[in-house]
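# Coordinates in review
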Amino acid sequence: MERRTFLSISGGALSALAADWALGPTSALAQTRDGKPVDDDFLTLLQNTTQPLASLATEQRQHTALLLDAYLATVTELIEHGRYSPATGHRLHTLAASLAQTVAWHRFDLGQHTPASQYWVAALHNAHAAGGHDMGAGLLGDLAYQAAWRKDHTTAASILGHALTRAQNPAARCLLQLRLARTLAAHNDRKAVLRALGAAEKHLADAGTDRPAWCS
């Protein structure tokens, strides 16, 4: 399981990253001026093709890993070297965040935990650039899940606390509160667990049908 690789990104560093995300303003979308224009139809093709790949069942992931890596590399290349409008830049960063999140879960399931963390952090930066507060909160939730999995519940609780400061969608807040309850339960903090579960129940009642994809 490569447990030694957990040391590559410390709990303190992850908590600091979450704090910076919670307090920092959204980054301005960069526009490279000397590259080739990014074709919107090609970007639409990338979006429409990658979405089904990302939603495949876990047992099918062995067939999609290389494809998703290639798609992410392509989108990253467009971001770094293409020329595009702010609207297209928003689409590029959002797609990059989604792809990096999916690749991170693939690495996590394979026990490759340092690469998983790195992909989640890369996804967080892209979500931040696109102004995706709920997506960013979800990515922090993924990092918190990994921290809880390695039994670092203090870090997990810290990350989730920061994630909840900017998550807006009720379904997103519900899932984050459920993850917080799970990690608080490891500390045997009954009152805090019940508060988190109560908050999750309220957010679930408020949640409509428009929910972030990662909540599924």
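Scroll up a little and you will see the structure.
Residues numbered from 1 in each chain as written. Predicted model: local features only at pLDDT ≥ 70, side-chain atom pairs only at ≥ 80, totals over all residues. Heavy atoms only, no water.

## Focus: the overall build of the protein chain
Here is the rule we go by: Every helix listed is a DSSP run of H or I at least four residues long, and every strand listed is a run of E at least two residues long, numbered separately from the N terminus. A simple rule labels every residue: compare its accessible area, found with a 1.4 Å probe on the protein chains alone, to the largest value its type can have, and call it buried under 20%, exposed over 50%, or partly exposed in between. In this analysis, two residues are considered to be in contact whenever any of their non-hydrogen atoms come within 4.5 Å of each other. Residue exposure ignores everything except the shown protein chains as possible cover, and the areas themselves are Shrake-Rupley values with a 1.4 Å probe.
Across its full length, the protein chain carries 9 helices and 0 strands. Reading the protein chain from its N end, one meets helices and strands in the order α-α-α-α-α-α-α-α-α. Looking at the 216 residues of the protein chain, the share that counts as buried comes to 46%. Of the contacts made within the protein chain by residues no fewer than 6 positions apart, 73% connect residues no fewer than 24 positions apart. If you sum the accessible surface of the protein chain, you get close to 11,300 Å²; carbon and sulfur atoms cover 55% of it.

## Section: helix H5 (residues 113–129)
Counted only if it meets this: Multiply 1.5 Å by the residue count of a helix minus one, and that product is the helix's expected span.
Taking 1.5 Å per residue, 17 residues should reach 24 Å; H5 reaches 24 Å between its end C-alpha atoms and fits that length. Within H5, 12 of the 17 residues are buried, which leaves the element mostly enclosed by the surrounding structure. Those residues of H5 not exposed but buried are His 113, Thr 114, Ala 116, Ser 117, Trp 120, Val 121, Ala 123, Leu 124, Asn 126, Ala 127, His 128 and Ala 129. Contacts made by the buried residues of H5 are with helix H1 (11–23), helix H3 (65–81), helix H4 (86–109) and helix H6 (133–149).

## With respect to the layout of surface pockets
Vacant regions in the atomic arrangement are exposed by a probe of water-molecule size rolled over the atoms. Note the cut-off: Of the grid points, spaced at 1 Å and generated over the protein atoms alone, those admitting a 1.4 Å probe that cannot get out make up cavities, while open sets with protein on both sides within 12 Å along at least five of seven lines make up pockets; any residue with an atom within 4 Å of a point is treated as lining. Grid points are joined across faces, edges and corners, and a volume is the space filled by probe spheres set on the points.
Approximately 910 Å³ is the volume found for the largest pocket. Taken together, 28 residues make up the lining of the largest pocket; nearest its centre are Ser 98, Gln 101, Thr 102, Ala 213 and Trp 214. Looking at the lining of the largest pocket, the elements that each hand over two or more residues are helix H2 (40–54), H4, H6 and helix H8 (170–185). Tallying contributions element by element places H4 first for the lining of the largest pocket, with 9 residues.

## Quick notes on the packing of aromatic side chains
What counts, and what does not: Two rings belonging to Phe, Tyr or Trp (six-membered ring only in the last case) form a pair when the distance between their centres is within 6.5 Å. Interplanar angles under 30 degrees mark stacking, angles over 60 mark edge-to-face geometry, and anything in between is tilted.
A complete count under the given rule lists 6 aromatic pairs for this structure. A centroid spacing of 5.0 Å and a plane angle of 85° characterise the contact between Trp 105 and Trp 120, whose relative ring orientation is edge-to-face. Remark: Trp 120 occurs in helix H5 and Trp 105 occurs in helix H4; sequence separation between them is 15 residues. Three or more aromatic residues joined by ring pairs make a cluster, and in this case those are Trp 105, Phe 108, Trp 120, Tyr 145 and Trp 149.

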